[in-house]
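Listed here are the chains, written in short residue letters.
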Amino acid sequence: MNTTELKKAFGERLRRARLMRGLSLREVATQLAAAGKKLSHAALQKYEQGLMGPDSGMLIALCEVFGLETDYFFRRSEMKLATLNFRKRTAFPKKEQARVREEALDYFERYQEIEAILEQPAGELIRIDLSKANPSDMAKLLAGAEDAAMRVRQEWKLGEDALPNVQEMLEEHGVKVKEVEAAESFDGFSGWANETLPVMALASWLNQDLPRKRFTALHELGHLVITFPPALADKTVENLCHRFASAMLVPAAAMRRSLGAKRSDGVSAAELKAMKEDWGISIAALMRRAADLEIITPSRLKNFYFLKNQNGQRKKEPGIWCGAERANRFSQLVHRAAAQELITRGKAAELLGLT
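Residues numbered from 1 in each chain as written. Predicted model: local features only at pLDDT ≥ 70, side-chain atom pairs only at ≥ 80, totals over all residues. Heavy atoms only, no water.

**Student:** Before we go on, may I ask you to explain the side chain of Glu317 in this structure?
**Tutor:** By the secondary structure assignment, Glu317 is in the loop between helix H14 (298-310) and helix H15 (329-339). Residue class for Glu317 comes out buried when judged on its relative accessible area of 15%. Of the polar contacts made by the side chain of Glu317, one reaches the side chain of Lys276; its length is 3.1 Å. A polar contact is formed between the side chain of Glu317 and the backbone nitrogen of Ile283, at a distance of 2.7 Å. (Helix = DSSP H or I, 4+ residues; strand = E, 2+ residues; numbered from the N terminus. Buried < 20%, exposed > 50% of the residue type's maximum accessible area, 1.4 Å probe, protein only. Polar contact = N/O pair within 3.5 Å; in protein donor to acceptor, adjacent residues only side chain to side chain.)

Written out as structure tokens, the structure reads:
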């Protein structure tokens with residue numbers, strides 16, 4: 001790589017590091033000044049444009065500002081994220097979207113690097129094509145989402161039992177998952193790296209509500225697995241991914257075995273609490289699932305939501321799911337490579353984001 005190429009590569013990595021920390025050029029300049037290194041935001045912009053390069057002292061100062069090792073700024077950047085589906089409930093600022101995106105991309109790059117070192121295959125995700133379905137035929141689309149969940153369960157040999165650890169399951173089947181710090185307006189995103197690698201980010205605050213985290217992860221899996229009709233409205237796609245997630249968590253046959261085919265008398269709170277603790281799905285999602293499968297009537301569901309809000313259970317509902325929802329595959333691969341002396345301790349620390 002010649003000097004010009006090196007400057008351009010450094011500039012791109014610098015831009016990404018700045019976005020990953022959610023900083024403007026002026027804010028970076030201010031932090032450098034506080035560290036005793038004076039540099040204007042205009043000069044920083046020239047760095048990012050590849051027109052200038054830092055000396056060793058400025059490079060070290062930049063590393064301290066961003067909390068990164070020098071290797072980060074010279075790592076080859078070949079991974080691109082495309083067609084990201086952000087799941088957010090309220091306005092999620094573009095600056096925050098960029099930060100989350102860059103933080104996740106950096107992790108996916110490191111993940112792919114350690115897999116290449118160990119010659120670990122990434123795995124191929126099952127794809128289900130519903131793109132030819134009539135966008136106005138909701139019955140067929142809902143049945144397609146339900147069937148997609150059953151096909152994934154069959155392909156991954158999951159049977160009809162409760163899923164013990166969704167995040168670990170996803171990583172075992174080739175989906176790279178990164179947890180990111182974010183406001184509660186953001187749940188997660190899914191998409192493709194270099195058009196072939198399925199990736200996902202989940203907000204770390206979801207660890208306070210594991211049933212919701214499981215549902216969110218499987219909702220994002222729906223975006224990755226299913227190809228929807230191009231003309232389908234975004235809200236409809238979201239509803240279909242909800243249906244897919246529910247069917248992944250509790251298959252229709254298992255739901256009917258637990259609650260029966262029809263419940264004219266409604267479902268008791270004790271039943272719902274027990275199912276939540278067994279299946280790792282929220283009570284609200286269970287009631288919606290029961291209505292979707294016509295086990296209860298729409299009016300029963302509407303009454304449930306009314307009572308839930310009236311009793312102050314909109315965010316806090318009874319029952320606790322005590323399973324685990326974390327994956328350690330990436331760190332295991334890094335430690336394995338270090339133990340086999342395929343990488344140095346320093347390289348292992350860089351991949352793990354440690355000093």
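**Student:** Sorry if this is basic, but what is going on with the pairing of strand S3 (residues 176-180) here?
**Tutor:** In the case of a regular strand, side chains alternate between the two sheet surfaces. The element S3 is extensively covered by neighbouring structure, given that 5 of its 5 residues are classed as buried. Side chains of S3 alternate between two faces, with Lys176, Lys178 and Val180 and Val177 and Glu179 buried alike. The pairing of S3 with strand S5 (residues 197-203) spans 5 bridges and is classified as parallel. Bridging from a neighbouring strand, Lys178 pairs with Ala201 of S5. (Pairing = 2+ DSSP bridges.)

**Student:** Looking at this model, I keep getting lost on the layout of surface pockets. Mind explaining?
**Tutor:** The probe, sized like a water molecule, is rolled over the atoms to show the empty space still left. As a volume, the second largest pocket reaches approximately 640 Å³. Of all the secondary-structure elements, those providing two or more residues to the lining of the second largest pocket are helix H6 (94-118), helix H8 (166-172), S3, H15 and helix H16 (345-352). Among the elements that take part in the lining of the second largest pocket, H6 stands out by supplying 4 residues, more than any other. Partitioning the lining of the second largest pocket into residue classes produces 9 nonpolar, 6 polar and 12 charged. (1 Å grid on protein atoms, 1.4 Å probe; cavity = no way out; pocket = protein on both sides within 12 Å on 5 of 7 lines; lining within 4 Å. Points joined across faces, edges and corners; volume = space filled by probe spheres on them. Nonpolar A, V, L, I, M, F, W, Y, C, P; charged D, E, K, R; others polar.)

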